[in-house]
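Coordinate analysis (summary)
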There are 2 protein chains.
Amino acid sequence: MTRFALTIEYDGRPYMGWQRQAHGPSVQQAIEEAIHRFTAETVQVFSAGRTDAGVHAIAMRAHVDIEKPLTPFKLTEALNAQLRPAPVAVIACEIVPDDWHARFACIGRSYEYRIVNRRAPLTWDKGLSWQVARPLDSDAMHAAAQQLIGLHDFTTFRSAHCQSQSPVKTLDKLTVSRHGDELIIEAAARSFLHHQVRSMVGCLALVGYGKWSARDLKAALDVADRNALGLNAPPDGLYFVSATYP
Amino acid sequence: MTRFALTIEYDGRPYMGWQRQAHGPSVQQAIEEAIHRFTAETVQVFSAGRTDAGVHAIAMRAHVDIEKPLTPFKLTEALNAQLRPAPVAVIACEIVPDDWHARFACIGRSYEYRIVNRRAPLTWDKGLSWQVARPLDSDAMHAAAQQLIGLHDFTTFRSAHCQSQSPVKTLDKLTVSRHGDELIIEAAARSFLHHQVRSMVGCLALVGYGKWSARDLKAALDVADRNALGLNAPPDGLYFVSATYP
């Protein structure tokens, strides 16, 4: 048995999310079935994060145990060949110790959220960005975002379905930058609550078009109540960017 | 009658190209039919360039004459509403003089070609970039490309279907730059021959993976013979970027 660490890029549009679901296709299922097709092994793939339906990954990290003797190169080539035409690709692969775990060993996760700030509808990036028609003040969004940095009870920004034991998390980074029509929001933490990034982005958008002040955002955080959430951004613009290991 | 200049973004994947075709959908037809739906007018839209099947536009310029009284804002909103769910969007609109012509007044056109240089298949950018598995030397490509700058007979890089009166064109810019896995090739000229950008990119890729030297590229240009073409790059990575007017 060899344990392989995989780095995976995927387009979340056709999937119910990373995790296997009874009611629809998942990225995990696509990968596990692709591995079965060339190893005849029934494997389970463990990932650093479980992205929601419609959320993408630039470099999800995961691990899998395989009996069949394979080099990382051969595994990558066979897996990518078997995944076609699914929009899921293994972009890196290495052998790791048998006790290395993509989820439990992960000490940092980062996400990126993409907004296209214009009235015109999206074309090739439909489902890959959030189109916001009202003008967004990215400087105001960035300034307000800094209040969320650090150790907080993030209950306001947490889905009712969140399985995390505690709503208290430490947010390490939340930046907003504008590049022409596009706004990029970068978030980093050891771990995130379910919907946390989308909920923070949604509220930052309210700040961006002047409906909320920076003080309103802080008040929403402080009250620690899901009812104080202003807006949950759609999954379209969210990308899992990286997982960090010691 | 008012003449409007439109700036149009589109995803070329579902289309046979810009120009109306008997055998399949085109961007021109999508726009003309959308205008008909809210004006009841049968119009013809003229563009700065006629992109091929599968080629995209970041900012195609075009013009159209409309009888119905409309502001540029109302035209844009109505057109974008009627275009849905087609991946075509009007991103700017202005009133121009009745003798302004998107094609004949255009004195400069620029294109961008995107290559993803990696073994792994593409995911969300499938059909939006050209995936090249073999490592490409972007510096060698850029250096070789400079030989194509200036006034030349570009017959080697011209499709058999080209309708241009002369194969002699002046190429103003052809640059190759690498950004991680991605190569961006930028081309600018007053006008291009049919398939010229894709043919130049294809041959530059041969230089990039060492099959051709810079001298081979120059020899292919000098012989002015379509049979000397090394490779025609696919439409996937090609974007019409801008049209310039006096």
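Residues numbered from 1 in each chain as written. Chains lettered and ligands numbered in written order. Predicted model: local features only at pLDDT ≥ 70, side-chain atom pairs only at ≥ 80, totals over all residues. Heavy atoms only, no water.

The name given to chain A in an unreviewed UniProt entry is tRNA pseudouridine synthase A, and the organism recorded there is Sphingopyxis fribergensis. The UniProt entry for chain A carries the following comment under Sequence similarities (unreviewed entry): "Belongs to the tRNA pseudouridine synthase TruA family." The record held by UniProt for chain A lists under Subunit (unreviewed entry) the comment "Homodimer." (UniProt positions renumbered as here; feature names shortened; annotations may be inferred.)

1. A word on the UniProt feature "binding site: substrate" (unreviewed entry) in chain A
Residues and elements named next belong to chain A. What UniProt calls "binding site: substrate" (unreviewed entry) maps, in this numbering, to Tyr-111. As for its placement among the helices and strands, Tyr-111 is situated in strand S5 (residues 108-117). Judged by its relative accessible area of 12%, Tyr-111 falls in the buried class. In this structure, Tyr-111 is in contact with Ile-185, Glu-186, Ala-187, Phe-192, Val-197, Leu-238, Tyr-239, Phe-240 and Val-241, ignoring residues within four places of it in sequence. (Helix = DSSP H or I, 4+ residues; strand = E, 2+ residues; numbered from the N terminus. Buried < 20%, exposed > 50% of the residue type's maximum accessible area, 1.4 Å probe, protein only. Contact = heavy atoms within 4.5 Å.)

2. Quick notes on the relation of the copies chain A and chain B
If you rotate chain A by 180° and push it 0.0 Å along the axis, it lands on chain B with an RMSD of 0.0 Å. On this basis, the relationship between the two copies can be described by a two-fold rotation axis. A shared interface surface links the copies, since 100% of the contact residues of chain A are contact residues in chain B too. (Least-squares fit on C-alpha atoms with pLDDT ≥ 70 in both.)

3. Focus: the pairing of strand S5 (residues 108-117) of chain B
Residues and elements named next belong to chain B. Most of S5 sits out of view: 10 of its 10 residues are buried. Examined bridge by bridge, S5 and strand S10 (residues 238-244) share 6 bridges and lie antiparallel to one another. By the bridge assignment for S10, Tyr-113 is matched with Leu-238. Pairing of S5 with strand S9 (residues 182-189), which is carried by 8 bridges, proceeds in the antiparallel orientation. Each bridged residue has a counterpart across the sheet, and for Arg-109 the counterpart in S9 is Ala-189. (Pairing = 2+ DSSP bridges.)

4. A word on helix H5 (residues 214-223) of chain A
Residue and element names in this part refer to chain A. Listing the buried residues of H5 in full gives Leu-217, Ala-220 and Leu-221. The buried residues of H5 occupy one face: seen down the axis, they fall within an arc of 100°. One or two residues past the end of H5 sits Ala-224, with phi positive at roughly 50°. (Arc of directions from axis to C-beta.)

5. Remarks on the UniProt feature "active site" (unreviewed entry) in chain A
Residue and element names in this part refer to chain A. When the UniProt feature table is mapped to this numbering, "active site" (unreviewed entry) covers Asp-52. By the secondary structure assignment, Asp-52 is in the loop between strand S2 (46-47) and strand S3 (56-66). If sequence neighbours within four positions are ignored, Asp-52 has contacts with Met-16, Gly-17, His-194, His-195 and Arg-198.

6. Here we look at the packing of helix H1 (residues 27-39) of chain B against helix H2 (residues 72-83) of chain B
Packed helices, taken two at a time, are described by the angle between their axes plus the distance between the axes. Residues and elements named next belong to chain B. For the pair H1 and H2, the least separation of the axes is 9 Å and the interaxial angle reads 110°. Here H1 is positioned roughly perpendicular relative to H2, judged by the angle of their axes. Between H1 and H2 the crossing geometry is right-handed. When H1 is examined against H2, the residues Ala-30, Ile-31, Ala-34, Ile-35, Arg-37 and Phe-38 are found in contact with a partner set consisting of Leu-75, Ala-78, Leu-79, Gln-82 and Leu-83. Residues that form the contact of H1 with H2 fall into these classes: 9 nonpolar, 1 polar and 1 charged. (Axes fitted to C-alpha atoms, helices over the stretch in contact; angles between N-to-C directions. Parallel < 35°, antiparallel > 145°, perpendicular 65-115°, else oblique. Left-handed = near helix turned anticlockwise from the far one by under 90°. Nonpolar A, V, L, I, M, F, W, Y, C, P; charged D, E, K, R; others polar.)

7. Some details on the interface of chain A and chain B
Taken together, the 27 residues of chain A in the interface contact 27 residues of chain B. Across the interface of chain A and chain B, roughly 2000 Å² is buried in total on both sides, 58% from carbon and sulfur atoms. On the chain A side of the interface with chain B, the three residues burying the most area are Pro-121, Thr-123 and Trp-124 of chain A, jointly 33% of the side's total. One can count 4 salt bridges joining chain A with chain B. Here Glu-77 of chain A and Arg-119 of chain B are joined by a salt bridge, their closest N and O atoms 2.6 Å apart. Put simply, the parts of the chain that give the side of chain A that touches chain B at least two residues each are strand S1 (2-10), S3, helix H2 (72-83) and strand S4 (88-96) of chain A. With 4 residues, the single largest contributor to the side of chain A that touches chain B is S4 of chain A. Class assignment of the residues belonging to the side of chain A that touches chain B gives a composition of 16 nonpolar, 3 polar and 8 charged. (Buried area = accessible area lost by both parts, 1.4 Å probe. Salt bridge = Lys/Arg side-chain N within 4 Å of Asp/Glu carboxyl O.)

8. Considering the packing of aromatic side chains
Applying the stated criterion across every chain, the model contains 14 aromatic pairs over all chains. Taking the centre distance of 5.3 Å and the plane angle of 85° together, the rings of Tyr-239 of chain A and Trp-124 of chain B count as edge-to-face. Of this pair, Tyr-239 of chain A sits in strand S10 (residues 238-244) while Trp-124 of chain B sits in the loop between S5 and strand S6 (130-132), on two different chains. We note that Tyr-239 of chain A, like Trp-124 of chain B, is buried. Summarising the aromatic geometry, the rings of Tyr-113 of chain B and Trp-130 of chain B are spaced 6.2 Å apart at their centres and angled 90° between planes, so their arrangement reads as edge-to-face. Separated by 17 residues along the polypeptide, Tyr-113 of chain B in strand S5 and Trp-130 of chain B in strand S6 bring together distant segments of the chain. We classify Tyr-113 of chain B as buried; its relative accessible area is 0%. Given the relative accessible area of 14%, Trp-130 of chain B is considered buried. The lysine or arginine in question, Arg-114 of chain A, covers the ring of Tyr-239 of chain A, its NZ or CZ lying 4.0 Å from the ring centre. (Phe/Tyr/Trp six-rings, centres within 6.5 Å; stacked < 30°, edge-to-face > 60°. Lys NZ or Arg CZ within 6 Å of the ring centre and 35° of its normal.)

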